[in-house]
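Tertiary structure, described
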Amino acid sequence: MNGQSDIAIEFAHVDYVVDDKRSLLADLNLSIHRGEVLILLGRSGSGKTTTLKLINRLLDPTRGEVRVENVSTQQWDAIRLRRSIGYAVQEVGLFPHYTVEENVALIPKAERWGKQRVADRVEETLALVGMPHGEFAKRYPHQLSGGQRQRVGLARALAADPPILLMDEPFGALDPLTRAELQREFSLLRKRLVKTVVFVTHDVSEALLLGDRIALMEDGKCAGVFSREEFLGPSDQRVRAYLDIYRLNSRSLEH
Amino acid sequence: MNFLEFVSKHRAEILTLSLEHLTLVAWSMGIAMLIGIPLGVYLTRHPKVRGIVLGTNNVVQTIPSLALFGLLLPVAWLGARADRLTVTALALYALLPIVRNTYTGVSGVDPAVLEVAKGMGLTQREMLWHVELPLAAPVILGGVRVAAVITIGVATIAAAIGAGGLGEFIFRGLAMVDNNVILAGAIPAALMALIADGAIGIVQRMIQRPR
Amino acid sequence: MMNRRRFLGSVGLLLTAACSRRESRVSVGTKNFTEQLVLGELLAQITEPRVHLPVERRFYLAGSYICHQAILAGRIDTYIEYTGTALAAILKEPVRSDPSEVFEIVRREYERRFQLVVLPSLGFNNSFALAMRGEDAHEKGLTKLSQLAAHAPTMRIGVGYEFLEREDGFQGLARIYGLQFAASPTVMDLGLIYRALQAKQVDIVVGSNTDGLIAALGLVVLEDDRHYFPPYDAVPIVRPEALREAAGMQAVFDALAGRISTNDVRRMNYAVDGEKRDVVDVVRSFRESKGL
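These figures come from a predicted structure and were not determined experimentally. (Residues numbered from 1 in each chain as written. Chains lettered and ligands numbered in written order. Predicted model: local features only at pLDDT ≥ 70, side-chain atom pairs only at ≥ 80, totals over all residues.)

1. Some remarks on the overall build of chain B
Counting secondary structure elements, chain B contains 10 helices and zero strands. Going from the N terminus to the C terminus, chain B shows its helices and strands as α-α-α-α-α-α-α-α-α-α. Each principal axis of the C-alpha atoms in chain B carries an extent, and together these give about 70 × 40 × 20 Å. (Helix = DSSP H or I, 4+ residues; strand = E, 2+ residues; numbered from the N terminus.)

As structure tokens, then:
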């Protein structure tokens, strides 16, 4: 592995084709900087989830190369790669037959951390995501609200303290109030933790709120990567479409 | 003498034979689960073999129990001792429901959950232990339940080849033409099956958490 | 996970309970015909006072194989077997006709192969027997089978189906003793042979030596002086553990060895089958008469 380069994750001419016919990604080129929060923004079917899954090797590129820490995903040991990457998804994430504690402790235990270290870490991460340990540790996912489940999902992704975090529309299934709450907490959290985060969403306001840079995904291609300012400024036509929706929404809220 | 008096008078014997019966059942169920559950899991990983394995299992199940005992009798090490033979035959019968249900249960686990588990970095073995088996457990237990009831029932026939158990009462009662004796074997066996069925059913419900 | 462990735990517990050794009682087994029930009851009644342990009666086991399995597994401690059956059906050795030779082979092989003890005969032989009407036998002066050849052409013989079919059955008998009967054997249900004999439908039948009706009807059994039929001496088979751990057990068998004659058994069989008396009573009367 190379020394400290600025690029944590890189996509080089990546194609992803399914069943020899459907092309979900076509010639994707993208560089993700260490420590930034990169949003993958786009409609359903634009290829953003596919892009995410190529990073932790749930999928392999049909063509081109995905590099994590300057090493091709194909050369990484898949298990080691995935354990260096936190993975938080919508809804389906938590294992229903394990308590909150057991869910969060899963990877640390698999990594053979000592019993005490695991217990401490579980307490720490739950506190980090705003779930007081005493109250929630022994509850089962079905006994939690949607928001609480997402917090635990995030805690689980953070448990082994991975340098990279992948999040696939984690707040998508929540009601607007809870979503706003979690978004707020996430941006606070993100300032405390230095991690490279790749965040998938179709929600423009969420993208603008949480992201350092926004990668616009359209038809399996990256249509451009913009900083917040660039995104809000007068520019791209494609961006304009998204922006209009955003403005529409925020204006309606002002009333 | 009425049946209850009979049971009271012979309770030591009834207990002895019941324990013998249970031993036969316990051994066969143990073996069937030890082989059947891994086999069921194996079938989920190797779907090509599924047809042969399940097909063979099916054939074995179709053979009438007494016939299966008879077929195994000449087999050297097995036929020498009735208990060995019986446990083998019973285990063969218990195998199909267990293998089939394990296969169904494990392959029925939500692929989305498995994907998350994989994405988190769990190995195949860890996924099996932490995700697939626990989530498939209610279905697997369903197979165990069916197998247990079958085994308890077929074990009564084992007395015909000298394995002891509650069937001995039944055969003795038939020879003596004495209903009390027959019932002393039949009723505990039936009770055993009902209890096993009920108990495993309770466990099934307990582990079936609302999602 | 928890539940599976709990389940396996309870199974383990059950197994240990079931496997615990039970020398707290003596278990006597029998096959499922009258003679066996009589002998088993006799064993049980004699054991109780001597051994001071409860005696369990596991009667009506359906055959030699089942009794053998039961004693191997320790479910019964003893039962009465017939040396010829032990030799052929269980040891699968070729048939011989000398009783002491057969006993010796059985005793030795049971110890070697199964670690089971074979004790001396109770005193009678339950092999095949050719029986004829008492007055006929006396009239013709017949006591041995070797004398039969001269008279056979004027006699009709009745046999059970199995005897006709067996390798060591009718064919061999006719050959060894040079028997040519008036007609080919009349095949009938074993339960009817004596009735047929009495009704003079046949003149000689092949039954079992200890059949109750032989004594009751005053029939004469011709001696198998050329030793065609293999011996079926009634011998106790015992588990050595039972002999060791139940004090007084050896004394039981010592008390019985050689004390039961063929006629004793015939009479007891008849009492149960013919007179329909209770086995327990029949055995008790027998013991009183013999001082057992």
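2. Quick word on the sheet that holds strand β6 (residues 85–89) of chain A
All names here are of chain A. Strand order in the open sheet formed by six strands is β6-β7-β8-β3-β9-β10, and the pairing between neighbours is mixed. With partners counted over all chains shown, the strands left at the sheet margins are β6 and β10 (221–227), one partner each. In this sheet, adjacent strand axes meet at a mean angle of 15° when their direction is disregarded. Across five bridges, the pairing between strand β3 (residues 37–42) and strand β9 (residues 213–218) is parallel. Bridging across to β9, Ile39 finds its partner in Ile214. Sitting on the sheet, helix α1 (residues 48–55) is in contact with β3, β6, β7 (164–168), β8 (196–201) and β9, with an inclination near 150° to β8. (Pairing = 2+ DSSP bridges. Axes fitted to C-alpha atoms, helices over the stretch in contact; angles between N-to-C directions. Contact = placed C-beta atoms within 7 Å.)

3. Remarks on the interface of chain B and chain A
Across the boundary between the two partners, chain B contributes 18 residues, which contact 17 residues of chain A. Looking at the side of chain B that touches chain A, the elements with two or more residues in it are α7 (111–120) and α8 (124–157) of chain B. Broken down by element, the side of chain B that touches chain A gets its largest block of residues, seven residues, from α7(B). When its residues are assigned to classes, the side of chain B that touches chain A shows nine nonpolar, four polar and five charged. (Nonpolar A, V, L, I, M, F, W, Y, C, P; charged D, E, K, R; others polar.)

4. As for the sheet that holds strand β8 (residues 204–208) of chain C
Residue and element names in this part refer to chain C. Strands sit in the order β7-β6-β8-β5-β9 across an open sheet of five strands; the sheet is mixed. Both edges of this open sheet fall to β7 (186–188) and β9 (220–222), since each of them pairs with a single strand only. Strand-to-strand twist of the sheet, defined as the mean angle between neighbouring strand axes without regard to direction, takes the value 40°.

5. Details of the packing of helix α2 (residues 34–51) of chain C against helix α12 (residues 249–256) of chain C
All names here are of chain C. At their nearest, the axes of α2 and α12 sit 9 Å apart, and the two run at 135° to each other. In terms of orientation, α2 and α12 fall into the oblique class. The handedness of the crossing between α2 and α12 comes out as right-handed. The segment α2 lies against α12, with Ile46, Thr47, Arg50 and Val51 engaging Met249, Ala251, Val252, Ala255 and Leu256. Across the contact of α2 with α12, the residue classes break down as seven nonpolar, one polar and one charged. (Parallel < 35°, antiparallel > 145°, perpendicular 65-115°, else oblique. Left-handed = near helix turned anticlockwise from the far one by under 90°.)

6. Some points on the interface of chain C and chain B
With 20 residues of chain C in contact, the opposing surface of chain B contributes 23 residues. The set of elements that each furnish at least two residues to the side of chain C that touches chain B consists of α1 (2–19) and α3 (64–72) of chain C. If you tally residues by element for the side of chain C that touches chain B, the top one is α1(C), at seven residues. Of the residues assigned to the side of chain C that touches chain B, the class counts are 15 nonpolar, three polar and two charged.

7. A few points about the nonpolar core
Within the largest apolar cluster, 205 residues are counted, with the highest numbers of intra-cluster contacts made by Ile39(A), Val198(A), Phe199(A), Ala94(B) and Val205(C). Broken down by element, the residue count for this core peaks at 16 residues, all from α8(B). Residue contacts for Val205(C): discarding those within four places in its chain leaves Ala131(C), Ile157(C), Gly158(C), Val159(C), Ile193(C), Tyr194(C) and Leu197(C). (Core = buried A, V, L, I, M, F, W, Y, C linked by C-beta atoms within 7 Å. Buried ≥ 20, exposed ≤ 12 C-beta atoms within 10 Å, placed from the backbone.)

8. With respect to the arrangement of the chains
Where two pairs of chains are in contact, the pair with the most contacts is made of chains B and C. There is a clear gap between chain A and chain C: no contact, and 10 Å between their nearest C-alpha atoms.

9. Some words on the confidence of the model for chain B
When pLDDT is averaged along chain B, the result is 92, and 98% of the positions lie at 70 or above. ipTM for the predicted complex: 0.87, alongside a pTM of 0.81. (pLDDT = per-residue confidence, 0-100.)

10. What about the domain arrangement of chain A?
All names here are of chain A. You can read the domains of chain A as domain 1 (1–84 + 164–255) and domain 2 (93–162). When each unit is reduced to the centre of its C-alpha atoms, the spacing between domain 1 and domain 2 is 25 Å. Of the residues lining the interface, 13 residues belong to domain 1; the matching set on domain 2 comes to 12 residues. For the side of domain 1 that touches domain 2, the elements supplying multiple residues, two or more each, are β7 and α7 (176–192). Across the side of domain 1 that touches domain 2, the residue classes tally to eight nonpolar, two polar and three charged. (Domains from an automatic or database assignment.)

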